[in-house]
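# Analysis of the macromolecular model
Given next are the chains, with one letter for each unit.
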Amino acid sequence: MKRTYIPKLDDLLGGGVREGASVMFSASPGVDYEAFGYQMLNGRLAEGEKGFVFTNVEEPESIIYEFRSYGWDIEPHIEKGDMFFVDGSSPFLGMPSEERYTVSDYSEIRETVLSAIEDIPGGVGVINCLSVIIDYLGNGDTLEIVETWNRRASELDVNLVYLFTEWDYERELMDKLRSLMDCVIDLRTIEERVIIGQGFMVAHSDWSKPPETMVLFFVVQPGGVKVYVPKILVTGPYNSGKSTFVKSISTKAVSVDRKALSAFPTTIAMDIGHLEYKGFMADIFGTPGQERFDLILDVLSREAVGAFILVDSTAPETFARAKEMIRKTRAEAIPKVVVANKQDLPGALSPDEIRTRMKLGGDVPIIPVSLKEGWGVKEALETLLGLLYGG
């Protein structure tokens, strides 16, 4: 099996893509899709494999710049000869091309790409864009060419990755095209209430039975494809460590504080953070813990898809308040993790004791954490991400 380097996609596919398999990223118009093929190619190049990009949508220099914008430098691979372009763009723009292969007429495309496949046994070739090939050659010729490419690529253990925009093509063509692929990943726009996003789902795989899971994603520069978690809530009683926890898991965070009459700041509104971790992106919202701010809990918790419940392990008298905040933030219905903070202090209750005191079922993970000493935070974060996306 070969990795795709797309967060969560390897898990959905049972470990990656089969050697020699054809993969099509099939996108609704307007959905970002180039980064999926480019990210897969970049990861495989980093492993020492060979690859190419067939381009009929932009010049090779523009694609090199696009790779660079994602933080991936492919020029050393080009200089070594491990990566090259099949340039089907420059000739049509009337510009000279110095690439290893060029396509100046679409009657040449079949044999030219076959030659490129021969050059990268065990590697990966990205075809960008299959829709343009259809527009130039028509349905029948395109299907025959794709079938020929896939057959030869399979013989050489080459993964061909097709980038395809689903314009208003005939349903028969779409069905036949998908049937020629060993794997199809659908990229779709997602709209729920006022949230508009993009998601991918494995529609078909010859070697595995992927779950019907739609994974939200963003394409960021630098970084490429990231799994997107729209909103994670951090709630719990006052003085349980919410602000510190938000800062601990966030790449960047801000707090709204005010100074009480004592020497200690008291959070009166919320903490906001942004997380980037192992291919995931998420926005983090921390709620205030004092009862006088309960009126805003409903507003802050809207659209949350997961929650951390912070508790002070040394203060069982606050557990009832923690349960109340679970209810007030509607966290009962979403994946959640109880973060048992202050485990470094004398008298801290164990996770089992906390579960008994809070009367929580076994399906709610309780993770022992010491924010002061900095341990347990990673385990809590990975546990919630696992609940959200299965691992």
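Residues numbered from 1 in each chain as written. Predicted model: local features only at pLDDT ≥ 70, side-chain atom pairs only at ≥ 80, totals over all residues. Heavy atoms only, no water.

Attention now moves to unusual backbone geometry. Peptide bonds are, in most cases, trans, and in most cases residues other than glycine have a negative phi. A cis amide bond, omega -5°, links Gln221 with the succeeding residue Pro222. When you line up the elements, Pro222 lands in the loop between β9 (215-220) and β10 (224-235). The phi dihedral of Lys8 is positive, around 75°, even though this residue is not glycine. Relative to the helices and strands, Lys8 resides in the segment before α1 (9-12). Classification of Lys8 by relative accessible area gives buried; the value is 8%. One non-glycine residue, Asp157, lies in positive phi territory at about 60°. If you trace the backbone, Asp157 turns up in the loop between α7 (139-155) and β6 (159-165). For Asp157, a relative accessible area of 33% puts it in the partly exposed group. (Helix = DSSP H or I, 4+ residues; strand = E, 2+ residues; numbered from the N terminus. Buried < 20%, exposed > 50% of the residue type's maximum accessible area, 1.4 Å probe, protein only.)

Note on helix geometry: an α-helix contains 3.6 residues per turn, so any two residues three or four positions apart are oriented the same way. In this model, helix α13 (residues 377-389) (13 residues) spans 18 Å end to end at C-alpha, consistent with the 18 Å of a helix rising 1.5 Å per residue. Those residues of α13 that sit buried are Val377, Ala380, Leu381, Leu384, Leu385, Leu388 and Tyr389. Looking straight down α13, one finds its buried side chains confined to an arc of 145°; they lie on one side. Gly390 lies just past α13 and shows a positive phi near 65°. (Expected span 1.5 Å × (residues − 1). Arc of directions from axis to C-beta.)

Within β10, 12 of the 12 residues are buried, which leaves it mostly tucked inside the rest of the structure. Relative to β10, β9 runs antiparallel, the two sharing four bridges. Across the sheet, residue Phe217 finds its bridge partner in β10, namely Val227. Following β9, the chain reverses through three residues before pairing antiparallel with β10; Gly223 in that reversal takes a positive phi of roughly 130°. Bridge count between β10 and strand β13 (residues 280-286): six bridges; the pairing is parallel. When the sheet's bridge partners are listed, Tyr228 is paired in β13 with Met281. Of the strand pairs in this sheet, β10 and strand β14 (residues 306-312) are connected by four bridges, and their pairing is parallel. Paired with Ile232 across the bridge in β14 is Gly306. (Pairing = 2+ DSSP bridges.)

Considering all chains together, one arrives at 22 salt bridges under this definition. Asp82 is paired through a salt bridge with Lys80; the nearest N and O atoms lie 3.4 Å apart. With a relative accessible area of 14%, Asp82 lands in the buried category. Here Arg171 and Asp175 are joined by a salt bridge, their closest N and O atoms 3.2 Å apart. With Arg171 and Asp175 both in helix α8 (residues 171-179) and four residues apart, this pair spans about one turn of that helix. (Salt bridge = Lys/Arg side-chain N within 4 Å of Asp/Glu carboxyl O.)

Here we take up the packing of helix α2 (residues 34-46) against helix α3 (residues 60-69). At a closest axis distance of 11 Å, the pairing of α2 and α3 adopts a crossing angle of 80°. Between α2 and α3, the angle is such that the two are roughly perpendicular. The segment α2 lies against α3, with Glu34, Tyr38, Leu41 and Asn42 engaging Ile63, Glu66 and Phe67. Its residues assigned to classes, the contact of α2 with α3 shows four nonpolar, one polar and two charged. (Axes fitted to C-alpha atoms, helices over the stretch in contact; angles between N-to-C directions. Parallel < 35°, antiparallel > 145°, perpendicular 65-115°, else oblique. Contact = heavy atoms within 4.5 Å. Nonpolar A, V, L, I, M, F, W, Y, C, P; charged D, E, K, R; others polar.)

Here the protein shows a mean pLDDT of 89. Residues at 70 or above account for 93%. Taken together, the stretch residues 259-264 has pLDDT below 50 and engages in two contacts with residues farther than four places along the chain or on a different chain. (pLDDT = per-residue confidence, 0-100.)

With the rule as written, the count across this model stands at 16 aromatic pairs. With centroids separated by 5.6 Å and ring planes inclined at 80°, the aromatic side chains of Phe36 and Phe200 adopt a geometry described as edge-to-face. Linking Phe36 in helix α2 with Phe200 in strand β8 (residues 195-205), this pair joins segments that are 164 residues apart in sequence. Note on accessibility: Phe36 and Phe200 belong to one class, buried. A centroid spacing of 4.9 Å and a plane angle of 90° characterise the contact between Phe36 and Phe217, whose relative ring orientation is edge-to-face. Placement of the pair is Phe36 in helix α2 and Phe217 in strand β9, with a sequence separation of 181 residues. Both residues of the pair, Phe36 and Phe217, belong to the buried class. Taken together through their ring pairs, the aromatic side chains of Phe25, Phe36, Phe200 and Phe217 make up a single cluster. One cation-aromatic arrangement involves Lys231 over Phe285; the distance from NZ or CZ to the ring centre is 4.6 Å. (Phe/Tyr/Trp six-rings, centres within 6.5 Å; stacked < 30°, edge-to-face > 60°. Lys NZ or Arg CZ within 6 Å of the ring centre and 35° of its normal.)

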